[in-house]
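In case you want the letters, here they are:
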Amino acid sequence: MKKIKVLMVASEATPIIKVGGLGDVLGSLPAALNRLGCEIRIIIPLSRGVDRKKYHLKKIHSPLKINFAGKIYSVNIWETRTAVSGAIVYLVENYHYFGHEAVYPACSLAGDFCLSEKFLFFDLAVLEALPFLKFNPDIIHCHDYFSGPVPILLKMEKYKKLKNIKTLFTIHNFENQGKVPPKIMELGSLHPDSLASLARDAADGDINFMVQGIVNADLVNAVSPNYAKEIMTSEYSAGLGKITKKYRRKIYGVLNGIDTDFFDPSRDRSIKQRYSVKNLEKKVINKFFLQKKFGWKPNKKTALVAMTARLSDQKGWELITKNLIKQNCQFVFLGEGEKRYADFLRDLQKKYPEKVRVKIGFDSVLANQIYAAADIFLIPSRFEPCGLTQMIAARYGTVIVARATGGLKDTVTPDIGFTFNDFSSQAFCNTLKKALALYYEFPEKWLKIKKNCLKKDFSWQKTAKGYLHLYRKLVG
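Residues numbered from 1 in each chain as written. Predicted model: local features only at pLDDT ≥ 70, side-chain atom pairs only at ≥ 80, totals over all residues. Heavy atoms only, no water.

A. Up close: helix H10 (residues 283–293). Of the residues making up H10, those classed as buried are Lys283, Val284, Asn286, Lys287, Leu290 and Gln291. Take H10 and look down its axis: the buried residues cluster within an arc of 150°, on one side only. Structurally, H10 contributes buried residues whose contacts are with strand S12 (303–308), strand S13 (329–335), helix H13 (364–373), helix H16 (425–441) and helix H17 (443–455). Just downstream of H10, Gly295 is the residue with a positive phi angle, here 85°. (Buried < 20%, exposed > 50% of the residue type's maximum accessible area, 1.4 Å probe, protein only. Helix = DSSP H or I, 4+ residues; strand = E, 2+ residues; numbered from the N terminus. Arc of directions from axis to C-beta. Contact = heavy atoms within 4.5 Å.)

B. Just the sheet that holds S13, in detail. Across the sheet, which stays open at both edges, the 6 strands sit in the order S14-S13-S12-S15-S16-S17 with parallel pairing between neighbours. Both edges of this open sheet fall to strand S14 (356–360) and strand S17 (417–420), since each of them pairs with a single strand only. This sheet shows a mean twist of 15° between the axes of neighbouring strands, independent of strand direction. By the bridge criterion, 4 bridges tie strand S16 (residues 399–403) to S17 in an arrangement that is parallel. Paired with Ile400 across the strands is Gly417, a residue of S17. Strands strand S15 (376–379), S16 and S17 of the sheet are contacted by H17, whose axis makes an angle of about 80° with S16. (Pairing = 2+ DSSP bridges. Axes fitted to C-alpha atoms, helices over the stretch in contact; angles between N-to-C directions.)

C. Fine view of the packing of aromatic side chains. The full count for this structure, using the stated rule, is 21 aromatic pairs. Taking the centre distance of 4.4 Å and the plane angle of 35° together, the rings of Tyr145 and Phe146 count as tilted. Residue Tyr145 is classed as buried on the basis of its relative accessible area of 0%. An angle of 85° between the planes, with centres 4.9 Å apart, marks the rings of Tyr439 and Tyr440 as edge-to-face. Within the aromatic cluster, the residues linked to one another by ring pairs are Phe68, Tyr73, Tyr97, Phe98, Tyr104, Phe119, Phe121, Phe122, Tyr145, Phe146 and Phe209. (Phe/Tyr/Trp six-rings, centres within 6.5 Å; stacked < 30°, edge-to-face > 60°.)

D. Spotlight on the sheet that holds strand S11 (residues 251–253). A sheet is described by the order of its strands in space; here 9 strands give the open sequence S3-S4-S5-S2-S1-S6-S7-S10-S11, paired in mixed fashion. The two strands at the open ends of the sheet, each matched to only one other strand, are strand S3 (58–68) and S11. Pairs of neighbouring strands in the sheet enclose a mean axial angle of 25°, with direction left out of account. Pairing of strand S4 (residues 71–81) with strand S5 (residues 88–93), which is carried by 6 bridges, proceeds in the antiparallel orientation. Residue pairing across strands places Glu79 opposite Tyr90, the latter belonging to S5. The strands touched by helix H1 (residues 21–35) are strand S1 (5–9), strand S2 (39–45) and strand S6 (139–143); relative to S2, the strand with the most contacts, the crossing angle is about 160°.

E. Layout of the packing of H10 against H13. Running from amino to carboxyl end, H10 crosses H13 at an angle of 125°, the nearest separation of the two axes being 7 Å. As the angle between them shows, H10 and H13 are arranged oblique. Crossing angle aside, the handedness with which H10 passes H13 is left-handed. Where H10 abuts H13, its residues Lys283, Asn286, Lys287, Phe289, Leu290 and Lys293 lie against Leu366, Gln369, Ile370, Tyr371, Ala372 and Ala373. Per-class residue counts for the contact of H10 with H13 are 7 nonpolar, 2 polar and 3 charged. (Parallel < 35°, antiparallel > 145°, perpendicular 65-115°, else oblique. Left-handed = near helix turned anticlockwise from the far one by under 90°. Nonpolar A, V, L, I, M, F, W, Y, C, P; charged D, E, K, R; others polar.)

F. Seen up close, the confidence of the model for the protein chain. Predicted confidence across the protein chain gives a mean pLDDT of 91, with 92% of residues reaching 70 or more. Across residues 191–203, confidence stays below pLDDT 50; counting only partners more than four residues off in sequence or on other chains, it has 20 contacts. (pLDDT = per-residue confidence, 0-100.)

G. Summary view of unusual backbone geometry. In this model, Thr14 is joined to Pro15 through a cis peptide bond whose omega is 0°. When you line up the elements, Pro15 lands in the loop between S1 and H1. A cis amide bond links Ser62 with the next residue in sequence, Pro63, at an omega value of -15°. Relative to the elements of secondary structure, Pro63 occurs in strand S3. Unlike most non-glycine residues, His56 shows phi in positive territory, near 50°. Among the secondary structure elements, His56 is positioned in the loop between S2 and S3. Looking at His56, the relative accessible area reads 63%, which means it is exposed. Positioned with a positive phi, Asp144 is a non-glycine residue whose angle comes to about 65°.

H. Here's a closer look at the nonpolar core. Counting 171 residues, the largest nonpolar core has Leu33, Ile214, Phe331, Phe333 and Tyr471 as its most contacted members. No other element matches the 10 residues that helix H3 (residues 113–129) contributes to this core. Sequence-distant contacts of Phe331, defined by excluding residues within four places in its chain, comprise Trp296, Val305, Leu324, Ile325, Lys355, Val356, Arg357, Leu378 and Leu432. (Core = buried A, V, L, I, M, F, W, Y, C linked by side-chain atoms within 4.5 Å.)

I. How the structure looks around the pairing of S5. Within S5, 6 of the 6 residues are buried, which leaves the element mostly enclosed by the surrounding structure. On S5, burial covers both faces: Ile88, Tyr90 and Val92 on one face and Val89, Leu91 and Glu93 on the other are all buried.

J. Helix H18 (residues 460–475), seen in detail. With 16 residues, H18 extends 22 Å from end C-alpha to end C-alpha; this agrees with the ideal 22 Å at 1.5 Å per step. Along H18, the positions that sit buried rather than exposed are Trp460, Thr463, Ala464, Tyr467, Leu468, Leu470, Tyr471 and Leu474. (Expected span 1.5 Å × (residues − 1).)

K. The layout of surface pockets, seen in detail. Approximately 400 Å³ is the volume attributed to the second largest pocket. In this structure, the second largest pocket is lined by 14 residues; those nearest its centre are Lys300, Asp375, Tyr439, Trp446 and Lys450. Residue assignment for the lining of the second largest pocket shows that the elements contributing at least two residues are H10 and H17. Broken down by element, the residue count for the lining of the second largest pocket peaks at 4 residues, all from H17. A breakdown of the residues in the lining of the second largest pocket according to their chemical character gives 7 nonpolar, no polar and 7 charged. (1 Å grid on protein atoms, 1.4 Å probe; cavity = no way out; pocket = protein on both sides within 12 Å on 5 of 7 lines; lining within 4 Å. Points joined across faces, edges and corners; volume = space filled by probe spheres on them.)

See below:
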């Protein structure tokens, strides 16, 4: 069977540049798809912070001239191959848009015009660069709103030679949509007539990048089956319910996965004691290590409860209440983000030093140590398109307490954890109580759940088949 050739368009890709979960997906999914017989390549901006020497970047085309915003910009195209995914990665270099800012500038992820203009330029550069890549994709796979304009740009007259390329648009987070005024889309070679329908679809008259992806891509998917259903509802559609319902027949749900070679307690050198389902009793050594690290005496009996997440409204930090903290357990919290949540957690630690420990900041090594040490992992999210932390926690034999929303509902099944429906502190607290009751009163049943966690298959090798199915559907 002929290999399906796919060019993935994204804003980040592990290990070259990573900000969040999207980078992890682009670091792991291509390898799984290549093993299934596809040929996957990736294209991202050459953002500030990319280590050119470390990743042996090689310039393959220079200069590429792009007419945008009434000016002519020079773009260089670089190439490398990552050890993580094995995929060839192209990087688009332009100092004006990518050279002096982070991947997502301070103008926010929520769709401010400066960020959207930056990625509109990138999307245009991707199509301009295609003839020089020596790679003719069957499919352009667009990841999140940053690449939402690609499907409509691909339909423009100037790209008619690329008309046979199919497009898949993946929604990683429906809340972040990206908007620009119609006049921005008219700049340079972007003719407004081809974008008129999109302007009418946007509720406020602006061009909405998320809408562009949904309306114009050949197929669309969200990153979990349940989230694909939720974005049809008023609660989760972020004002775009009419759009998602109108195009629901081409919207699918494909669950994310994790790199099970990287997240493997039997091989993870960042944890104190490696272990597997065969010697699960060794997991407690990691608990002792973490307790000592945070200034507590080693304590096997008391349940160690953990939460690592971005400090944002999405993650449900407001459900951490006094009633929760009063439960018979210890809490470890790790995260970075909004100051109000950081201050709140620091205050908890001051009030309950014998029960609460907090680390503000991003620390991937500590995160793995927490996964390995904890008895229970908390995920009380307001919404969660897919979520990866529940998969990682399970991989380390840690039982999950999560809200049944988005991908959490798809993945946190009764054999590996406990779930609650209402976004309320009472529902959350009651569910943790159930988990703790089982932990203290029925140790044999608890051990069985821990073993179920370790045996659960959340690998990309399993979930990548969902993308392969969509690719085959596109190429017929």
